[in-house]
Amino acid sequence: MEDFQEQEYEFLRRLEEEKLDRRRLLKRGLVAGAGLTVMSLSPAALAARQKALADPPTIGRLAKVSDIIKEAKKEGRLNVIALPPDWANYGEIISTFSKKYGIPITSDNPDASSAQENQAVRSLKGDSRAPDVLDVSASQAQVGANEGLYAKYYTTNFRKVPRAMKDGRGFWVGDYWGVVSFGINRAVISNPPKSWKDLLKPEYKNKVALNGSPLSSGSAVAGVFSASIANGGGLSNIQPGIDFFAQLKSVGNFLPVQATPQTIASGQTPITIDWDYLNIAYGKNFPASKIQTVIPSDAVYGAHYCQAINATAPHPWAARLWQEFLYSDQGQLLWLKGFSHPALFTDMVARKVVPNALIKALPSAAAYSKVKFASVTQNSKARATITTEWPKKVGS
Amino acid sequence: MKPRRRIAPGAVVWLLVGVAYFFIPLAATLLFSLRDDQTGKCCTLANFSYILHDPTFWKTIRLSFVVALETIAITLALLVPTVYWVHLKVPRLRPLIGFLALVPFVVAPIILVVGLLDIYRGSPEWFYASPYGFLATAYVILAFPFMYFSLDTGFRSIDVHTLTEASQSLGAGWPTTLWRVILPNIKAAALAGSFLTLAIVMGEYTIASLAQFNTFSVFVQYINQNKAYPAGAVTIIAFAITWAAMLALLAVGRGRTAPITEGEK
Amino acid sequence: MTPSKHDLSRPAPAGRERRRPSFAWLGVLPFLAYATAFLLLPAANVLIGAFRSPNGGWTLDNVATLFEEPYRTAFKNSIEVSLVTALLGGLLGLMIAYSALREGTPKWIRGSLTTFSGVAANFAGIPLAFAFIATLGVLGVVTTFMTETLGINPYDHGFSLFTKTGIEIVYLYFQIPLMILVIAPAIDGLRREWREAASGLGASAFQFWRHIGVPILMPSLLSAMVLLFGNAFAAYATAYGLTGGSIGLVPIVIGFFLSGDVLDNPHLGQALSFGMFVVLGLMMLAYIPLQKLSSRWMR
């Protein structure tokens, strides 16, 4: 939507709210810019424009929450995609939202990658099964925004989200972040590694696994970033990370298996490089495996995921309600319960609304203080390097 | 050499090797699935119970099974007459059909589904959004190579011309010839192809997930990515159920008219 | 034996209408129509896409890139794995199928084998990968057994499940059953009478196989192995689950392009598919003369 359209809606909304009629408005001299076009319309066209007010809002702050809830309930459903229940506590988030507003949620394809989410938007355009909201990686969010797949929406709390975690145009907003960590199966490993350097020790032969391949999984790319920071590289130079994995492979410690809950619980992948919120969750779910989550002492690399609304969503009001819910304290705390750092974490801590128990469940704040995030440009550059260098050095 | 009444020793060796190779990994999975969530040790049926009490499990298995049967029916209806005709009248076309039958391998499922979704986007909802329409159509394509090669081998090992001539000289028309003479003779091949199709449909993931259909394999993948011990359980259950379905198909196939040539054996 | 179907000079039998070969191909029209609508059109989409560039123009760059690393290695790996598992799977499948179908073997073995093969032929992906990790992985059942009971740890002697060899071992799990299913009807066609007649004439088992058995089976064997090759070439979920993509195989790389989060040139993914098409096409082209050669025995 263009800016002048926004102003138009604003104008028409005020018109309706204040129940002004045309003549009085003209007298008040409010006729300027967009207002002129509205004023010069025939009554039929004006009625059409007012009907267009029924379009979902762009700026959450200016809409009435009760309106959003009402329209969402009328739509009667929300389609989500790629939200596994044990990922940052999405299971509870989905059921809480459903119960609170009485809107059933269809959770499709929980294992879709971010690219597949964007593809679903393209392929299912106009279909009632298309996803309404997306939770995608930052790079895919950029792809989707540039391609026009997303709708503009500024949630009520948009201003409070850190600048680095949101899109100025309103197409996406960061939701939660985590850092790369080691998930260590203490039932198999008696002496846990504390840093990337430790991973090269001979006692960890055939024991270190990644969560997927950096050629296709953003989480695995994050793992390489973290290794790079620990080995003299940085956000702008990911080569040392690739070299580290090559070295890990040559000493025989690298296990090229895709780590899944099965391999983790069974101990087949005793050291897994993955997001902290996932590893901590594994610790809770598999007590027998005694999964301990360690943030490497020589590198703290984090990344956030992004919320976006499908531009051609079949249930646009419900989609906006979902966003409002997620960015309310209730939604943010549910993400925290899933061991991730929600976008408004700092703000909530400052307002002292975070229960102590939740803070204690995470590793200490000191460990997170050194966290580094890569920008979208740095990410793209790293991926280009990985594309050519990883198969050479680590593949076969 | 008199006809053997007892199994040949060479056969025993090979069969034992086969059994070892195929059952040990399954046994390993089974052992894993019997482990308890909290203690990580044997033995509990809780994981199986978890799967069997999940309503999504039943919903998706029913859906996949029906789509599989539909796919088998369509593929047989399409391919049996075609392969028969090719063997009988236009053997020159065999390489062409054979090549077409290999194309589904080349077009990776992921490409096929994106292409199909794109091209048929404007088609009516009852086709596009229905697993019994869109998905079955795509699965027929996936089944082509397997069904074709099975049928081709089957037709190759019977004498199509003689059978057809005999049947027609006895006064039968084409449909009768096809249904009552040819079909019973290629029963084994058709059944083999049907088994493969059933397994393909039950196990296919890419197309189902990208086209947003909630099939059994999507459910299995979800369990595998998100749960540990139940994943072992669902693997065993999926295996057992598909095998049972095949045994049922086999029984159904046996119940039909015996092939003509059996008398000669 | 009755005149074979390859003898086209046979006059049309009496009582039937005159041969009109020009209309015979109409019989395959339904199949062709279906294949065109739901297979060729999407496939053409891909092949054309392989020659397009991101800004909409035509280009040969994508296909040219296929000859560079890492794609060249991906093709090499894929072809190698597919060939090995096609040949090995073919041979092993043949031996097991024959063992189950020959006379002397109880009938129930045949039913169980064919149904089991039907299931196993499609047992792939993460469940299969995990089943083998649980068996031959670092902490697998067989590995532990060998280490503790036999004192030999295969991983200390250079074996690893997470290599090309490992992938081949795992792929056989669905290649062998596929072979069994496809070759069974052909073995059935190997009539018992022929073996009896051969032995009655004084031929040994070996001679029977060499002069009668194998030549008769050869066309079916060849087409079955082509099927196995194609099957292995297109498989990817299993290898990905096993090695996380560190062993490049063409379908895995295509998957990276089309549904992964990192690589972002879908046209290159389509070019890779085009490459697959060429490889399989060449295989089919080699298969046709092989077929003709081997069917000569039938005459």
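Residues numbered from 1 in each chain as written. Chains lettered and ligands numbered in written order. Predicted model: local features only at pLDDT ≥ 70, side-chain atom pairs only at ≥ 80, totals over all residues. Heavy atoms only, no water.

Engineer: Would you mind going over the interface of chain B and chain C with me for this structure?
Structural biologist: How large an interface is tends to be reported as the accessible area lost when its parts come together. Listed per partner, the contact involves 91 residues of chain B and 94 residues of chain C. Counting across the chain B and chain C interface gives 0 salt bridges. Sort the elements by how many residues they give to the side of chain B that touches chain C and helix 1 (residues 9–33) of chain B lands first, with 14 residues. A per-class count over the side of chain B that touches chain C returns 59 nonpolar, 21 polar and 11 charged. (Contact = heavy atoms within 4.5 Å. Salt bridge = Lys/Arg side-chain N within 4 Å of Asp/Glu carboxyl O. Helix = DSSP H or I, 4+ residues; strand = E, 2+ residues; numbered from the N terminus. Nonpolar A, V, L, I, M, F, W, Y, C, P; charged D, E, K, R; others polar.)

Engineer: Is there a simple way to explain the packing of helix 7 (residues 131–156) of chain B against helix 8 (residues 164–189) of chain C in this structure?
Structural biologist: Geometry of a packed helix pair, given as the angle between the helix axes and the separation of the axes. Where helix 7 of chain B contacts helix 8 of chain C, the axes come no closer than 7 Å and their chain directions differ by 25 degrees. When the axis of helix 7 of chain B is compared with that of helix 8 of chain C, the two are roughly parallel. The two elements helix 7 of chain B and helix 8 of chain C cross, and the hand of that crossing is right-handed. Contacts between helix 7 of chain B and helix 8 of chain C pair B:Phe146, B:Phe149, B:Ser150, B:Thr153 and B:Gly154 from the former with C:Leu178, C:Val182, C:Pro185 and C:Ala186 from the latter. When the residues that make up the contact of helix 7 of chain B with helix 8 of chain C are grouped by side-chain class, the tally is 6 nonpolar, 3 polar and no charged. (Axes fitted to C-alpha atoms, helices over the stretch in contact; angles between N-to-C directions. Parallel < 35°, antiparallel > 145°, perpendicular 65-115°, else oblique. Left-handed = near helix turned anticlockwise from the far one by under 90°.)

Engineer: For this particular structure, what's the right way to read a nonpolar patch on the surface?
Structural biologist: Residue and element names in this part refer to chain C. Residues Trp25, Leu26 and Leu29 make up a contiguous nonpolar surface patch of roughly 270 Å² in combined accessible area. Mapped onto the fold, Leu29 is located in helix 2 (residues 29–49). On the basis of relative accessibility, which here comes to 38%, the residue Leu29 falls in the partly exposed class. (Patch = residues over 30% accessible without salt bridge, like charges linked within 9 Å, V, L, I, M, F, W, Y side chains within 5 Å. Areas by Shrake-Rupley, 256 points an atom, 1.4 Å probe, with all protein chains shown as cover. Buried < 20%, exposed > 50% of the residue type's maximum accessible area, 1.4 Å probe, protein only.)

Engineer: Is there a simple way to explain the side chain of A:Thr96 in this structure?
Structural biologist: All names here are of chain A. For Thr96, the location among the structural elements is in helix 6 (residues 90–101). Reaching out from Thr96, the side chain makes a polar contact with the backbone oxygen of Glu92 at a distance of 2.5 Å. Ignoring anything within four residues of it in the chain, the contact list for Thr96 reads Phe325, Gln330 and Leu334. (Polar contact = N/O pair within 3.5 Å; in protein donor to acceptor, adjacent residues only side chain to side chain.)

Engineer: Explanation requested: the pairing of strand 1 (residues 78–81) of chain A in the structure shown.
Structural biologist: Residues and elements named next belong to chain A. Side-chain alternation along strand 1 places Leu78 and Val80 on one buried face and Asn79 and Ile81 on a second face that is also buried. The pairing of strand 1 with strand 2 (residues 105–108) spans 4 bridges and is parallel. Bridge pairing in strand 2 places Asn79 opposite Thr106. (Pairing = 2+ DSSP bridges.)

Engineer: Sorry if this is basic, but what is going on with the packing of aromatic side chains here?
Structural biologist: The description of an aromatic ring pair rests on the distance of the ring centres and on the angle between the ring planes. All names here are of chain C. Evaluated as defined, the whole model comprises 56 aromatic pairs over all chains. Aromatic pair Phe132 and Tyr173: ring centres 5.8 Å apart, planes at 85 degrees, arrangement edge-to-face. Remark: Tyr173 occurs in helix 8 and Phe132 occurs in helix 6 (residues 126–136); sequence separation between them is 41 residues. Like Tyr173, Phe132 is buried. (Phe/Tyr/Trp six-rings, centres within 6.5 Å; stacked < 30°, edge-to-face > 60°.)

Engineer: Just checking my understanding: could you explain the interface of chain B and chain A for this structure?
Structural biologist: Opposite the 28 residues of chain B that make contact, chain A presents 29 residues. Taking both sides of the interface into account, the surface hidden between chain B and chain A amounts to around 2,400 Å²; carbon and sulfur atoms contribute 47%. Where chain B meets chain A, there are 1 salt bridge. In this structure, the salt-bridge partner of B:Lys227 is A:Asp86, at a minimum N-O distance of 3.7 Å. At the boundary of chain B with chain A, the tally comes to 2 residue pairs in polar contact (both at pLDDT 80 or more). Sorting the residues of the side of chain B that touches chain A by element identifies helix 5 (109–119), helix 6 (125–128), helix 11 (206–210), helix 12 (216–226) and helix 13 (229–254) of chain B as the ones contributing at least two each. It is helix 12 of chain B that contributes the most residues to the side of chain B that touches chain A, 5 residues altogether. Here the side of chain B that touches chain A is built from residues that sort into 13 nonpolar, 10 polar and 5 charged. (Buried area = accessible area lost by both parts, 1.4 Å probe.)

Engineer: Could you clarify how one ought to interpret empty space enclosed by the protein in this entry?
Structural biologist: In this approach a probe as big as a water molecule rolls over the atoms, and the regions it shows empty are the leftover space. Counted under the stated rule, the structure contains 9 cavities of 30 Å³ or more. Looking at the largest cavity, its volume works out to about 70 Å³. Surrounding the largest cavity, 13 residues form its lining, A:Gly212, A:Ser213, A:Phe254, C:Thr243 and C:Gly244 being those nearest its centre. Taken together, the residues of the lining of the largest cavity break down into 6 nonpolar, 7 polar and no charged. (1 Å grid on protein atoms, 1.4 Å probe; cavity = no way out; pocket = protein on both sides within 12 Å on 5 of 7 lines; lining within 4 Å. Points joined across faces, edges and corners; volume = space filled by probe spheres on them.)

Engineer: Help me out: how do you make sense of unusual backbone geometry in this one?
Structural biologist: With glycine set apart, most residues show a phi of negative sign, and most peptide bonds adopt trans. Backbone geometry places A:Asn206, a non-glycine residue, at a positive phi of 60 degrees. Topologically, A:Asn206 is positioned in the loop between strand 5 (172–185) and strand 6 (208–210).

Engineer: What is the right way to read the packing of helix 8 of chain C against helix 10 (residues 205–234) of chain C from this model?
Structural biologist: Residues and elements named next belong to chain C. Their axes nearest at 10 Å, the elements helix 8 and helix 10 cross at an angle of 150 degrees. Here helix 10 runs roughly antiparallel to helix 8, going by the angle between their axes. The way helix 8 lies across helix 10 gives a crossing that is right-handed. Note on element contacts: helix 10 touches helix 8 through Leu217, Ser220, Leu221, Ala224, Leu227, Leu228, Asn231 and Ala232, opposite Tyr171, Phe174, Gln175, Leu178, Met179, Val182, Ile183, Ala186 and Ile187. The residue inventory of the contact of helix 8 with helix 10, partitioned by class, reads 14 nonpolar, 3 polar and no charged.

Engineer: For this particular structure, what's the right way to read the confidence of the model for chain C?
Structural biologist: Interpretation of the predicted coordinates at a detailed level should be avoided for regions scoring low in pLDDT. Residues and elements named next belong to chain C. Counting all residues, the mean pLDDT for chain C is 80, and 87% of those residues have values of 70 or more. Between the elements of chain C, mean pLDDT differs from a low of 62, seen in helix 1 (residues 21–24), to a high of 91, seen in helix 4 (residues 71–101). Low pLDDT, under 50, characterises residues 1–12; the stretch is placed with 13 contacts to residues that sit more than four places away or in other chains. Overall fold confidence (pTM) sits at 0.77, and the ipTM for the predicted complex is 0.77. (pLDDT = per-residue confidence, 0-100.)

Engineer: What am I meant to see in the pattern of salt bridges here?
Structural biologist: Any two side chains of opposite charge can pair, given that their charged atoms come close. Per the counting criterion, the structure on display carries 15 salt bridges over all chains. Between B:Arg94 and B:Asp152 there is a salt bridge whose closest N-O contact spans 3.4 Å. Note that B:Arg94 is positioned in helix 4 (residues 94–106) and B:Asp152 in helix 7, a separation of 58 residues in sequence. You'll find B:Arg94 and B:Asp152 in the same group, each marked buried. Three or more residues joined by partner-sharing salt bridges are found here, namely A:Lys160, A:Asp329, A:Asp347 and A:Arg351.

Engineer: Can you walk me through the environment of A:Gly170 in this structure?
Structural biologist: Residue and element names in this part refer to chain A. Among the structural elements, Gly170 can be located in the loop between strand 4 (150–151) and strand 5. Separated by 99 residues in the primary sequence, Gly170 and Glu71 place their C-alpha atoms 21 Å from one another. Among residues more than four places away in sequence, those in contact with Gly170 are Ala151, Lys152, Tyr153 and Tyr154.

Engineer: I'm lost on the nonpolar core in this one. Help?
Structural biologist: Buried together is how nonpolar side chains tend to be arranged in soluble globular proteins. A:Trp196, A:Phe245 and A:Trp322 are the most contacted members of the largest nonpolar core, which has 283 residues in total. Looking at this core element by element, the count peaks at 16 residues for helix 8 of chain C. When near neighbours in sequence (up to four residues on either side) are disregarded, A:Trp196 contacts A:Val180, A:Phe182, A:Gly223, A:Ser226, A:Ala227, A:Ala230, A:Phe244, A:Phe245, A:Ile273, A:Pro296, A:Asp298 and A:Ala299. (Core = buried A, V, L, I, M, F, W, Y, C linked by side-chain atoms within 4.5 Å.)

Engineer: In this structure, what is going on with helix 1 of chain B? I would like to understand it.
Structural biologist: Residues spaced three or four apart along an α-helix point in a common direction, a consequence of the helix completing one turn every 3.6 residues. All names here are of chain B. Between its first and last C-alpha atoms helix 1 spans 36 Å; for 25 residues at 1.5 Å apiece the expected length is 36 Å, and the two agree. Its maximal kink placed at Phe23, helix 1 deviates by approximately 30 degrees, while the proline Pro25 follows within four residues. Buried residues of helix 1: Ala11, Leu15, Gly18, Phe22, Pro25, Leu26, Ala28, Thr29, Phe32 and Ser33, and no others. (Expected span 1.5 Å × (residues − 1). Bend = angle between axes of the 7 residues up to and from the residue.)

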